[in-house]
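# An overview of the molecular structure
Below are the chains, spelled out letter by letter.
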Amino acid sequence: MLTIRQHVIPARSLGRFTNIDGFVQVSTANAINNVLSLKPSNKFFTLARVWDQRSESGWMKQIEDSFQTLVDDILSKRIVSVAGENIATVAYFFSLWYWRSRQEPQIETELQFKGITGSSLTHEEEEQLEKRYIMFARLGGRVPARFLTGLNLQKQTDEYAHSIKDWTWGIIQAKSGEFLMPDVPNYGFLPISPKVLLAANHPNGMILKTHLKKINIALLSYTWKYFIARNIGTAMSGISIRDIKKSVKARDKQLAGGASFQGSIAAAADQHKSTA
């Protein structure tokens, strides 16, 4: 069966942030104080068929499955340090999330190719081909854009994962308070549960609430459209709009100095930058 609603953040990752009732709390960047309670399966967390099935259930799933197994081992303490092949596992997942989070709903659903005749296929025939990971062209050389998006995402994911292959990943645990999860990863922070986060080029350790607050503020400053937490109030405890604006200014300075951030930057605090 073809996947129509594709998760940007895997449902299993979202599921680790659910409360006792099975909901995650969500705040959007343009209404930071408006808290929603959603199931990980909610279409809010998905895009409608932006990449092809070969990507969804092929190479992307391989990256996700390897990462989810590693996270399960970390949270159960079967693994206490990210080492060996697990370093590449994290790098590939971070890269996958990095690029997938920058995708937008498709406006042009087909691309026109010159010199290609294409075939007259029924919808069922098209679906059967895609299930077998076969790309097709419709009459007139029209190719569904999701095939090219999938190829581009695979190339970007491979290249970025290779560029960060020397990063080490520390397992950071919060002594009190909880981590939030942004929709767009940055700063080399990868929250894997409300109490545990993977941090690039940091040693393993336990952090106090003051440091957790700084991490959450940094994550908020790069939030694009929304962020989640098991409990927004707990994750946002002690954080003010002023704190986020200060972090946004630091972010903008970094960007002006040549730091890279692919895609739009509609951070939570940007909605409040004109106020004191």
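No experiment lies behind these values; they were computed from the predicted model shown. (Residues numbered from 1 in each chain as written. Predicted model: local features only at pLDDT ≥ 70, side-chain atom pairs only at ≥ 80, totals over all residues. Heavy atoms only, no water.)

## A short note on the packing of aromatic side chains
Applying the stated criterion across every chain, the model contains 14 aromatic pairs. A centroid spacing of 4.6 Å and a plane angle of 45° characterise the contact between Y98 and Y160, whose relative ring orientation is tilted. One end of the pair, Y98, is in helix α3 (residues 85-100); the other, Y160, is in helix α5 (residues 145-163), and 62 residues separate them in sequence. Of the two residues examined, Y98 and Y160, each falls in the buried class. Here the aromatic cluster, defined as three or more aromatic residues joined through ring pairs, consists of F94, Y98, W99, Y160, W167 and W169. One cation-aromatic arrangement involves K39 over F23; the distance from NZ or CZ to the ring centre is 4.7 Å. R102 extends its terminal NZ or CZ atom over the ring of Y98, reaching a point 3.6 Å from the ring centre. (Phe/Tyr/Trp six-rings, centres within 6.5 Å; stacked < 30°, edge-to-face > 60°. Helix = DSSP H or I, 4+ residues; strand = E, 2+ residues; numbered from the N terminus. Buried < 20%, exposed > 50% of the residue type's maximum accessible area, 1.4 Å probe, protein only. Lys NZ or Arg CZ within 6 Å of the ring centre and 35° of its normal.)

## Here we look at unusual backbone geometry
Positive phi values are uncommon outside glycine, yet R49 reaches one of about 50°. Mapped onto the secondary structure, R49 falls in the loop between β4 (46-48) and α2 (53-75). Unusually for a residue other than glycine, Y133 sits at a positive phi of about 65°. Tracing the sequence through the fold places Y133 in the loop between α4 (123-131) and β6 (142-144).

## Topic: the sheet that holds strand β7 (residues 169-174)
Ordered by their spatial adjacency, 4 strands build an open sheet running β9-β10-β7-β11, and the pairing between neighbours is mixed. The sheet terminates laterally at β9 (189-193) and β11 (205-207), the two strands that pair on one side only. Adjacent strand axes in the sheet meet at a mean angle of 30°, parallel and antiparallel pairs treated alike. Summarising the sheet, β7 and β11 pair through 3 bridges and their orientation is parallel. Residue pairing in the sheet places I172 in a bridge with G205 of β11. Helix-sheet contacts for α3 involve β7, β9 and β10 (196-200), and the interaxial angle to β9 is about 100°. (Pairing = 2+ DSSP bridges. Axes fitted to C-alpha atoms, helices over the stretch in contact; angles between N-to-C directions. Contact = heavy atoms within 4.5 Å.)

## Focus on the pairing of β9
Where burial is concerned, most of β9 is hidden: 5 out of the 5 residues are buried. The pairing of β9 with β10 spans 4 bridges and is antiparallel. Paired with S193 across the strands is V196, a residue of β10. Joining the antiparallel neighbours β9 and β10 is a turn of 2 residues.

## Side note on the pairing of β10
With respect to burial, β10 is a largely interior element, 5 of its 5 residues being buried. Strand direction decides the pairing type here: β7 and β10, joined by 5 bridges, are antiparallel. Residue pairing across strands places I172 opposite L197, the latter belonging to β10.

## So, the side chain of S55
Along the chain, the position of S55 falls in helix α2. Leaving out residues up to four positions away in the same chain, S55 has contacts with M60, K61 and G150.

## Looking at the environment of L153
Residue placement: L153 occurs in helix α5. The class for L153 is buried, based on a relative accessible area of 2%. The spacing of L153 and I107 is 46 residues in sequence and 17 Å in space, taken between C-alpha atoms. For L153, the residues in contact, after removing those within four places along its chain, are W51, W59, M60, W99, R100 and Q103.

## A closer look at the sheet that holds strand β2 (residues 24-28)
Taken in spatial order, the 4 strands make up an open sheet running β3-β2-β12-β8, and their pairing is antiparallel. The sheet is open, and its two borders are formed by β3 (31-38) and β8 (181-182), each paired with just one other strand. In terms of strand pairing, β2 meets β3 through 5 bridges, oriented antiparallel. Its bridge partner being in β3, T28 is matched across the sheet by A31.

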